Amino acid sequence: MKNKIIYLVVIALTTLNCYSQTKVKESRGNKDYDKYAYVDAIKTYERLYEKGYKSPEMLLKLGNAYYFNAELEKAAKWYGELYATSPEQEPEFYYRYSQSLRATKDYTKADEMMNKFNGWVSKLTFGLIVAIFVTIFHYIFAIMHTLYEVFSIFGKVSTVRL
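Residues numbered from 1 in each chain as written. Predicted model: local features only at pLDDT ≥ 70, side-chain atom pairs only at ≥ 80, totals over all residues. Heavy atoms only, no water.

*Asks:* I would appreciate a short explanation of the pattern of salt bridges in the present structure.
*Replies:* Any two side chains of opposite charge can pair, so long as their charged atoms come close to each other. Here the structure, examined in full by the defined rule, presents four salt bridges. When the shortest N-O distance is used, the salt bridge between Lys-74 and Glu-71 registers 3.5 Å. You can call Lys-74 partly exposed: its relative accessible area is 43%. A salt bridge links Asp-111 to Arg-102, with the shortest nitrogen-to-oxygen separation between them at 2.9 Å. (Salt bridge = Lys/Arg side-chain N within 4 Å of Asp/Glu carboxyl O. Buried < 20%, exposed > 50% of the residue type's maximum accessible area, 1.4 Å probe, protein only.)

If you want it as structure tokens, here you go:
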């Protein structure tokens with residue numbers, strides 16, 4: 001019975017140690033990525049991926065690192081992996097994935113991703129236009145209110161007889 005407990009503790013500690021090493025390596029990759037050392041970040045992230053660790057953030061950074069180094073075929077591979085696991089992304093990544101797919105001559109999928117990007121842009125543009133109109137109307141009503149206050153004061157002063 002004591003041997004089983006010892007084995008379980010050893011296995012738990014080994015698993016915990018492997019997990020913490022993975023986090024340390026991912027952290028090292030993130031530091032390289034943040035310092036624009038994309039080649040070093042790529043090496044770290046790919047080693048982690050080969051060991052079975054993958055997260056959407058890591059796949060995104062791996063795709064971006066290849067994209068920013070103009071290795072669009074490899075970027076398309078990692079973006080594809082990312083979109084297979086987590087299809088909802090920020091608009092700029094649809095654009096990057098589309099450009100990477102064009103480099104691999106996968107025009108159908110590239111057009112699909114560009115349409116997703118354009119859908120986001122049109123939503124953002126519409127939202128921006130609405131925000132501008134709301135702001136303009138807010139200022140118009142504020143000016144009208146101020147003018148009303150000013151003229152109502154003058155109106156009261158002009159009706160006073162001396």
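Picking up where we left off.
*Asks:* Help me out: how do you make sense of the packing of aromatic side chains in this one?
*Replies:* Within a pair of aromatic rings, the relevant descriptors are the distance that separates the centres and the angle that separates the planes. Throughout the structure, instances matching the rule amount to ten aromatic pairs. Here Tyr-33 and Tyr-38 contribute two aromatic rings whose centre-to-centre distance is 5.4 Å and whose plane-to-plane angle is 65°, an arrangement assigned as edge-to-face. Owing to a relative accessible area of 13%, Tyr-33 belongs among the buried residues under this scheme. Pairwise contacts between aromatic rings join Tyr-33, Tyr-36, Tyr-38, Tyr-67, Phe-68, Tyr-79, Tyr-83, Tyr-94 and Tyr-97 into one cluster. (Phe/Tyr/Trp six-rings, centres within 6.5 Å; stacked < 30°, edge-to-face > 60°.)

*Asks:* How should I be thinking about the packing of helix H3 (residues 56-68) against helix H5 (residues 91-103) in this particular structure?
*Replies:* Pairs of packed helices are described in terms of their axes, by the angle between the two and the distance that separates them. It is the contact of H3 with H5, at a shortest axis distance of 11 Å, that shows an interaxial angle of 55°. By the criterion of interaxial angle, the relationship of H3 to H5 is oblique. When the axes of H3 and H5 are compared, the crossing they make is left-handed. Taken together, the residues of H5 that come into contact with H3 (itself represented by Leu-60, Asn-64, Tyr-67 and Phe-68) are Phe-93, Tyr-95, Arg-96, Gln-99 and Ser-100. Across the contact of H3 with H5, the residue classes break down as five nonpolar, three polar and one charged. (Axes fitted to C-alpha atoms, helices over the stretch in contact; angles between N-to-C directions. Helix = DSSP H or I, 4+ residues; strand = E, 2+ residues; numbered from the N terminus. Parallel < 35°, antiparallel > 145°, perpendicular 65-115°, else oblique. Left-handed = near helix turned anticlockwise from the far one by under 90°. Contact = heavy atoms within 4.5 Å. Nonpolar A, V, L, I, M, F, W, Y, C, P; charged D, E, K, R; others polar.)

*Asks:* How should I be thinking about the confidence of the model for the protein chain in this particular structure?
*Replies:* Should the pLDDT be low somewhere, the predicted coordinates at that spot are not to be read in detail. When pLDDT is averaged along the protein chain, the result is 79; 75% of the residues meet or exceed 70. For the protein chain, the element scoring lowest by mean pLDDT is helix H1 (residues 2-34), at 59; helix H4 (residues 72-85) scores highest, at 95. Note that pLDDT drops below 50 for residues 16-21; the model gives that stretch zero contacts with residues more than four away or on any other chain. (pLDDT = per-residue confidence, 0-100.)

*Asks:* Is there a simple way to explain the nonpolar core in this structure?
*Replies:* The nonpolar side chains of a soluble globular protein tend to be buried with one another. Membership of the largest hydrophobic core comes to 28 residues, with the highest contact counts inside it found for Tyr-45, Leu-62, Tyr-66, Tyr-79, Tyr-83, Tyr-97 and Leu-101. Contributions of two or more residues to this core are made by helix H2 (38-50), H3, H4, H5 and helix H6 (107-158). Per-element accounting of this core gives the leading share, seven residues, to H3. (Core = buried A, V, L, I, M, F, W, Y, C linked by side-chain atoms within 4.5 Å.)

*Asks:* I would appreciate a short explanation of H5 in the present structure.
*Replies:* Because each turn of an α-helix spans 3.6 residues, side chains separated by three or four positions in sequence point in the same direction. With 13 residues, H5 extends 19 Å between its outermost C-alpha atoms, agreeing within 8% with the 18 Å of an ideal straight helix rising 1.5 Å per residue. The set of residues buried in H5 consists of Pro-91, Phe-93, Tyr-94, Arg-96, Tyr-97, Ser-98, Ser-100 and Leu-101. One or two steps after H5, the chain reaches Lys-105, where phi turns positive at roughly 65°. (Expected span 1.5 Å × (residues − 1).)

*Asks:* Please explain the environment of Thr-85 as it appears in this structure.
*Replies:* Mapping Thr-85 onto the fold places it in helix H4. For Thr-85, the contacting residues outside a window of four places in its chain are Lys-54 and Leu-59. At 2.9 Å, the side chain of Thr-85 forms a polar contact with the backbone oxygen of Leu-82. (Polar contact = N/O pair within 3.5 Å; in protein donor to acceptor, adjacent residues only side chain to side chain.)

*Asks:* Even after reading the chapter, I still don't get H2, so can you show me in this structure?
*Replies:* A rise of 1.5 Å per residue sets the reference length of H2, with its 13 residues, at 18 Å; its end C-alpha atoms lie 18 Å apart and thus fit the reference within 8%. Taken residue by residue, H2 has Tyr-38, Ala-41, Ile-42, Thr-44, Tyr-45 and Leu-48 as its buried positions. Trailing H2 by a residue or two, Gly-52 shows a phi angle of about 100°, which is positive.

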